[in-house]
Structure formats: structure tokens, C-alpha cells
Amino acid sequence: QNILLTLGEKGSYFYNGKNIYYTSAYQVKLLSSACAGDSALAGFLSIWLEDIDSEENIENGLKRASATGANVAESNAIGDLKKVEQYMKEIKVRRVE
């Protein structure tokens, strides 16, 4: 019932069985997309699993997912993840009507 679809520079979508959310992508210079999607999922789960019904956790988890994926994509490896919190401030989440 829960689906996270990452689309790289085009953002991501999340469906929790009730609502669909769209998350913008933080634009970076792509060096490697390897592990960016997996890292985004891990970033999302690290917040969302605390309370899966919380609207705030969904939005913060999606912001972290997008920021983590971007920070990994701009590196040649997994990245240092030092820019995640900074990137989260620029990422927008909205519910799709």
C-alpha cells in the first residue's frame, strides 16, 4: 500500500494508501546516480517509520529522501551526507489533489 517513486531531478511521489504526495528535487550536478534511490528510501524511512500516520513525518521524510538522494548523486560514491539538512530547507512537498 505504501509506494515511494523516485524520479531523480524530476522529484518523487509517495502514496500511502490514502494520499499522493509530490516532492521537488534539489538540483545538483549529477556525478553518479548509483545508490541515490536506495539512499533516498533510507532517508525517508529514517523519519517516516517513527509514526507512519503523521502528516509531518511524511513531509519531513520526503524532504530527507530528496535531499539525501541529491547529496549522493552529486558525489562519486555514497557521499558524506553533510548537505542533507541544508538541502531539506529548499525542498517542497505538496499533496496531489
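Residues numbered from 1 in each chain as written. Predicted model: local features only at pLDDT ≥ 70, side-chain atom pairs only at ≥ 80, totals over all residues. Heavy atoms only, no water.

## What about the pattern of salt bridges?
Between side chains of opposite charge, pairing is possible as soon as their charged atoms come close.
Consideration 1: Enumeration over the complete set of coordinates arrives at three salt bridges.
Consideration 2: Between Glu55 and Arg95 there is a salt bridge whose closest N-O contact spans 3.1 Å. One end of the pair, Glu55, is in helix H2 (residues 55-73); the other, Arg95, is in strand S4 (residues 93-96), and 40 residues separate them in sequence.
Consideration 3: Owing to a relative accessible area of 30%, Glu55 belongs among the partly exposed residues under this scheme. (Salt bridge = Lys/Arg side-chain N within 4 Å of Asp/Glu carboxyl O. Helix = DSSP H or I, 4+ residues; strand = E, 2+ residues; numbered from the N terminus. Buried < 20%, exposed > 50% of the residue type's maximum accessible area, 1.4 Å probe, protein only.)

## Thoughts on the packing of aromatic side chains
Consideration 1: Applying the stated rule across the entire model yields six aromatic pairs.
Consideration 2: Note on Phe14 and Trp48: the rings are 5.7 Å apart at their centroids and 75 degrees apart in plane angle, and the pair reads as edge-to-face. Of this pair, Phe14 sits in strand S2 (residues 12-15) while Trp48 sits in helix H1 (residues 36-48); the two residues are 34 residues apart in sequence, bridging distant segments of the chain. Of the two residues, Phe14 and Trp48, both sit in the buried class.
Consideration 3: The rings of Phe14, Tyr21, Phe44 and Trp48 are connected pair by pair, giving a single aromatic cluster. (Phe/Tyr/Trp six-rings, centres within 6.5 Å; stacked < 30°, edge-to-face > 60°.)

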